[in-house]
Amino acid sequence: MKNGVKRIGIMTGGGDCPGLNAVIRAVVMMADKYGVEVIGIPYGYRGMLLGGDYFHKLTCEDVQGIIEKGGTILHSSNKDNLFKYPRRNKEGFEHDENGKLIYDNFSETAVQNLRDAGIDAMIIVGGDGTLTSGRDYSRMGVPVVGVPKTIDNDLRSTEITFGFDTAVSRCVQAVESVRTTGEAHSRVMFIEVMGRNAGHIALHTAISSGADVVLIPEIPYHFDKLVAELRRRLERNGTAIVIVSEGVTPPEKGAYSTKIVEGSPDAVRFGGVSGVIADYVERALNADRDENGYAISEVLMDVECRATNVGYAQRGGVPTANDRLLSTRFGAFAVKELLENLVLDEKGNFGRMVSVQENRLTSVSLEEVIASSTMIGNQRRVDPEGELVQLARNVQISFADE
């Protein structure tokens, strides 16, 4: 085989995402064309640690009919950084005398498991955390090609990630589902979407659904302006739609807190801020009443705000055609990189990531990817002066900032 690669391992790490199975299918089909075996490694990096019988060969027959399925046939995990693996006992995590978690490094065991299985190179599908470990394994002599995966679309080293298009489509469907109940009861409907510290899903959803207001982390909102804007929309339309990115701040400090999951490399869990904002807005809209006791108009005695969190519906289900196409392109290109373009660097290592640049597939160094990753707070975020933000303003979507 070219570059001596006869057997490729593939794993999926981090949160699940529409299009993962399409990537797996493309890798298997492309490798088969070259006469190269593909070994599936289940449960992310945990599977690399388990090794042995947990590894299994993937054939063209195994991947038939999976392109349209959400999730991943290899399963996934977002809690297994083998370079910093929290030690456990029967009672749970182990802590030192200062109450800090105790960690072990099982990376050498994982690499040896790959060697024992005759795996010559790895295709690692994941986001910034998964790809950080991918870079570290490439430094240990394992040729690695990463495939970028996140519905948040916030990786700086690629223009687009698969899963994003499906997530936005799910969110738009959610808006369409709740809009009618908002109209029926003259309510303000708050729809919370994922994205962590980036507002791409929220912004795309707002424009695509014709929302009234969108709140994103990149453009701080003013609560008084939010209330005034919603009052105006209610007076004009009798209802309003607000898209809330999960990473925005609450109206008051301490009004909302994220969940912290001990032992997870990605410990912060978002979710629920839209309900907090909705409660504050409802109280504010009902605070001032006319002489007859009506809050907004003679039609609305009480203004109601309702919050809906789209949640994990964004991650699951059937991927869109665009995500299937992008995932297939990524998977096939990853195999090509390993079999045709594997060139060791000056340290004798190979670590690349598939990337879209100017709408064309290429690859970039994993070292460069991680240097600009979310892990150091430098993810690709919404440009407050960008074309899409201006488009939203032009079609009278408010950011409650002016």
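Further up the page is the structure itself.
Residues numbered from 1 in each chain as written. Predicted model: local features only at pLDDT ≥ 70, side-chain atom pairs only at ≥ 80, totals over all residues. Heavy atoms only, no water.

Participant: Quick rundown of the side chain of Glu218? Include the residues and the values.
Facilitator: Here Glu218 is to be found in the loop between β11 (213-215) and α7 (223-237). At 3.0 Å, the side chain of Glu218 forms a polar contact with the backbone nitrogen of Val382. Contacts of Glu218, omitting those with residues within four sequence positions, involve Asn197, Ala198, Gly199, Arg381, Val382 and Pro384. (Helix = DSSP H or I, 4+ residues; strand = E, 2+ residues; numbered from the N terminus. Polar contact = N/O pair within 3.5 Å; in protein donor to acceptor, adjacent residues only side chain to side chain. Contact = heavy atoms within 4.5 Å.)

Participant: I'd like a rundown of a nonpolar patch on the surface, residues and numbers included.
Facilitator: Together, Tyr43, Leu50 and Tyr54 make up an exposed nonpolar region whose accessible area comes to about 270 Å². With respect to the element layout, Tyr54 can be found in the loop between α2 (45-50) and β3 (56-58). By relative accessible area, which is 41% here, Tyr54 ends up partly exposed. (Patch = residues over 30% accessible without salt bridge, like charges linked within 9 Å, V, L, I, M, F, W, Y side chains within 5 Å. Areas by Shrake-Rupley, 256 points an atom, 1.4 Å probe, with all protein chains shown as cover. Salt bridge = Lys/Arg side-chain N within 4 Å of Asp/Glu carboxyl O. Buried < 20%, exposed > 50% of the residue type's maximum accessible area, 1.4 Å probe, protein only.)

Participant: Got a sec to walk through the sheet that holds strand β15 (residues 305-309)? Specific residues and values, please.
Facilitator: Across the sheet, 4 strands lie side by side as β11-β12-β10-β15; this open sheet has parallel pairing. A single partner strand is all that each edge strand has here, and the edge strands are β11 and β15. Averaged over all adjacent pairs, the angle separating strand axes in this sheet is 20°, with direction ignored. Summarising the sheet, β11 and strand β12 (residues 240-245) pair through 3 bridges and their orientation is parallel. Following the sheet pairing, Val214 is matched in β12 by Ile243. Strands in contact with helix α5 (residues 164-185) are β10 (188-193), β12 and β15; relative to β10, the strand with the most contacts, it is inclined by about 165°. (Pairing = 2+ DSSP bridges. Axes fitted to C-alpha atoms, helices over the stretch in contact; angles between N-to-C directions.)

Participant: An account of the sheet that holds β3 is needed here, citing residue identities and associated values.
Facilitator: In spatial order, the strands read β3-β2-β1-β8-β9-β16-β17; together these 7 strands make up an open sheet with mixed pairing. The open sheet has two edge strands with one neighbour each: β3 and β17 (360-365). Sheet twist, expressed as the mean angle between neighbouring strand axes with direction ignored, is 30°. Sheet analysis places strand β2 (residues 37-40) next to β3, joined by 3 bridges and oriented antiparallel. From the neighbouring strand, Val38 faces β3, where its bridge partner is Leu58.

Participant: So, unusual backbone geometry: which residues are in play, and what are the values?
Facilitator: Leaving glycine out, the prevailing phi sign among residues is negative, and the prevailing peptide bond configuration is trans. Of note, the phi angle at Tyr43 is positive, near 65°, even though the residue is not glycine. Relative to the helices and strands, Tyr43 is located in the loop between β2 and α2. Phi is positive for Arg196, close to 55°, though the residue is something other than glycine. Here Arg196 shows up in the loop between β10 and α6 (200-209). Looking at Arg196, the relative accessible area reads 21%, which means it is partly exposed.

Participant: Lay out the state of the cysteines with the relevant residues and their values.
Facilitator: This model, assessed by the stated rule, comprises 0 disulfides. Among the cysteines around Cys17, which has no disulfide bond, Cys171 carries the closest sulfur, lying 13 Å off. Free cysteine Cys305: the closest other cysteine sulfur is in Cys171, separated by 20 Å. With relative accessibility at 6%, the residue Cys305 sits in the buried group. (Disulfide = S-S within 2.5 Å.)

Participant: Let's hear about the nonpolar core: which residues, and what values?
Facilitator: Ranked by internal contacts, the top residues of the largest apolar core, which has 63 residues, are Ile10, Ile123, Val147, Phe162, Ile191, Ile201 and Ile243. Looking at this core element by element, the count peaks at 8 residues for α5. Residues within four places of Val147 in sequence aside, it is in contact with Val23, Ile123, Ile124, Val125, Gly126, Leu131, Phe162, Phe330, Ala334 and Val354. Counting residues in each nonpolar core, the second largest holds 24 residues, with Val227, Val242, Leu300 and Ala400 among its members. (Core = buried A, V, L, I, M, F, W, Y, C linked by side-chain atoms within 4.5 Å.)

Participant: I'd love a proper account of helix α8 (residues 273-285), names of residues and values included.
Facilitator: For α8, built from 13 residues, the straight-helix expectation of 18 Å at 1.5 Å per residue is met to within 8% by its first-to-last C-alpha distance of 18 Å. For α8, the secondary structure elements touched by its buried residues are β10, β11, α7, β12 and β15. (Expected span 1.5 Å × (residues − 1).)

Participant: Give a description of the pairing of strand β16 (residues 351-357) that names residues and reports values.
Facilitator: When you tally the buried positions in β16, you get 5 out of 7 residues, the bulk of the element. Across 3 bridges, the pairing between strand β9 (residues 144-148) and β16 is parallel. Its bridge partner being in β16, Val145 is matched across the sheet by Arg352. Of the strand pairs in this sheet, β16 and β17 are connected by 6 bridges, and their pairing is antiparallel. Opposite Gln357, over in β17, you have Arg360 as the bridge partner. From the end of β16 to the start of β17, which pair antiparallel, there are 2 residues, and Glu358 there has a positive phi angle of about 55°.

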